[in-house]
Structures are given as structure tokens and as C-alpha cells.
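Chain by chain, the residues:
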Amino acid sequence: MIDFCHYFFGDLPDCPLLSALLYNKNRGDYKVIGTRPIRHDGLDKVLGRALYGADVKMAGLIHGAVLRSPHAHARIIKIDTSAATAIPGVLAAITNADLPSAKEMSSANIIADNKALYKGHVVAAVAAVDHNTALEAVNAIKVDYEILPAVTNVDQASASGAPILLEGLIGDHLGENVSNTNIAQHFRHEFGDPDEGFANSTLIVERECQMEMVHQGYIEPHNATAYWDPDDRITI
């Protein structure tokens, strides 16, 4: 909040937002609002003592690793996990065929079904007694691919004759079902009178802008640890 005030209002003493929250004498009998509470986890984090999900270590912990597609668009002809499961310490190997079916291709988003749809798409996973064994196992998995033409931006994907990524997709284009398309949904919001707006404008600027994908950063990796105890209870 202080950085926000400094950026938008200049020096802190002149920040109206900070003054309203911290120095308002009429704030009443609030215990938290208008105060500067100490973050209970702050000290541990700045000293490096805080434990994150990836820091959890348990006896008998099973480690997983995944094999990812090196291709942006490829049909999966065959996956052979036999060499991986033969490695000592490997407990299991799975592909999409081992997952329960789910609606709207949800299972294919977890592990690729018949096609890899982007570079890095998971095609198989293994569980092993330790991390290094799991990595060795995924490298032993053999995958035969038929490399297909890829589309790398919206214009390519929506162009006429573009390679179809999801062959079973039925698109909703302004209420009409459309097959053989990469456009999942086309909808329109209409309000106002644009012709009148342009006619009354003193300046009209037309530009086409393109932005790269933006994704937030994390202070810890995505992870989860599950403990299945002898009483048949799972703690995550």
C-alpha cells in the first residue's frame, strides 16, 4: 500500500489514502483498521525459516515426475513405459489411458490423450521412491510422435485452412454450432451507437495492439503432499 501511495501520490506525507487509513483520528474503536499490524509470518520469511509446501519431508514419501512433449503439436502414436517401470524403485507409470474419463477434455489437459497440444504438454508420469529415480524413469519412457503443423498465435489459429488442434471441438459462434474450428466461442456485446460516436469525435485513432501472455510469479512452486495414514484417512 505504501508503494502504491508513493507511486500515485508522491511523498508519503501527502498521500491521502495513507492518511485516511493510518492517521484518521475519527477512525473509532477499530482494533485493526487504521493500525499497522505485524505480519505473523513476516519474521520467519525474511530469515529464511518459513516452511513452504516443497519443504515438507515425510518418511516413505513417494516422488513423482512427468514427461513432457518436445513438440508444439503432435499426434501420439505410441507410448512405451516398460523400460521405466523396470527400473528399481519405480512404483508406477501412467498415461492418459490410466485416467478416468472427464467432460470437456479435462483429463487431456492433465495428461495428453491422442495429441500433444503444446510444447511441454505432459504425456506420461511416474512415481518412485526418490526424486532422482523418478527423473531417470521418465527419461526411459519411449514416445512415438507424428509431428503436425503448429499454430503459434491467434491469427494463425483462426485463419482459413488452419491446422485443427481439438478435432472434436464444437464451437459456439454467435449461437451457431460450428465444427472443424479452433475458435471455441464467438460472442458479441453491443451497446451505444458507434456511428454517432465516430461522427461526434474530433480525433479518431486506429491501432492494432498485440500483447504477450502474462502470468503471475510465485514465491513457491505448485506442490502438494498427501499422507494416507493406517486409519484410512488422507491429510493433504
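Residues numbered from 1 in each chain as written. Predicted model: local features only at pLDDT ≥ 70, side-chain atom pairs only at ≥ 80, totals over all residues. Heavy atoms only, no water.

A.B. asks: Please give an account of the layout of surface pockets that cites residues and values.
C.D. replies: By volume, the second largest pocket is sized at about 410 Å³. Contributions of two or more residues to the lining of the second largest pocket are made by strand S1 (63-68) and strand S10 (227-228). Split by residue class, the lining of the second largest pocket holds ten nonpolar, seven polar and one charged. (1 Å grid on protein atoms, 1.4 Å probe; cavity = no way out; pocket = protein on both sides within 12 Å on 5 of 7 lines; lining within 4 Å. Points joined across faces, edges and corners; volume = space filled by probe spheres on them. Helix = DSSP H or I, 4+ residues; strand = E, 2+ residues; numbered from the N terminus. Nonpolar A, V, L, I, M, F, W, Y, C, P; charged D, E, K, R; others polar.)

A.B. asks: Quick one: what's the story with the environment of Asp 144, residue by residue and with numbers?
C.D. replies: Within the element layout of this structure, Asp 144 appears in strand S6 (residues 142-147). Ignoring any residue separated from it by four or fewer positions in sequence, one finds Asp 144 in contact with Arg 75, Ile 76, Ile 77 and Lys 78. (Contact = heavy atoms within 4.5 Å.)

A.B. asks: Describe helix H6 (residues 131-140), and please don't skip the residues or the numbers.
C.D. replies: One turn of the α-helix equals 3.6 residues, which is why residues spaced by three or four share an orientation. What H6 keeps buried is the set Thr 133, Ala 134, Ala 137, Val 138 and Ala 140. For H6, the angular spread of the buried residues around the axis is 155 degrees, confining them to a single face. Of the residues in H6, the exposed ones pointing more than 90 degrees away from the buried face are Asn 132 and Asn 139. Tucked into the core, H6 has its buried residues touching S1, strand S2 (74-80), helix H4 (82-85), strand S3 (90-94), strand S5 (122-128) and S6. One side-chain oxygen at the N-terminal end of H6 lies 3.2 Å from the backbone nitrogen of Asn 132; it belongs to Asp 130. (Buried < 20%, exposed > 50% of the residue type's maximum accessible area, 1.4 Å probe, protein only. Arc of directions from axis to C-beta. Polar contact = N/O pair within 3.5 Å; in protein donor to acceptor, adjacent residues only side chain to side chain.)

A.B. asks: Any details on the side chain of His 121? Residues and values, ideally.
C.D. replies: With respect to the helices and strands, the residue His 121 is situated in the loop between strand S4 (115-116) and S5. For His 121, a relative accessible area of 2% puts it in the buried group.

On their own, these measurements won't tell you what the molecule is for.
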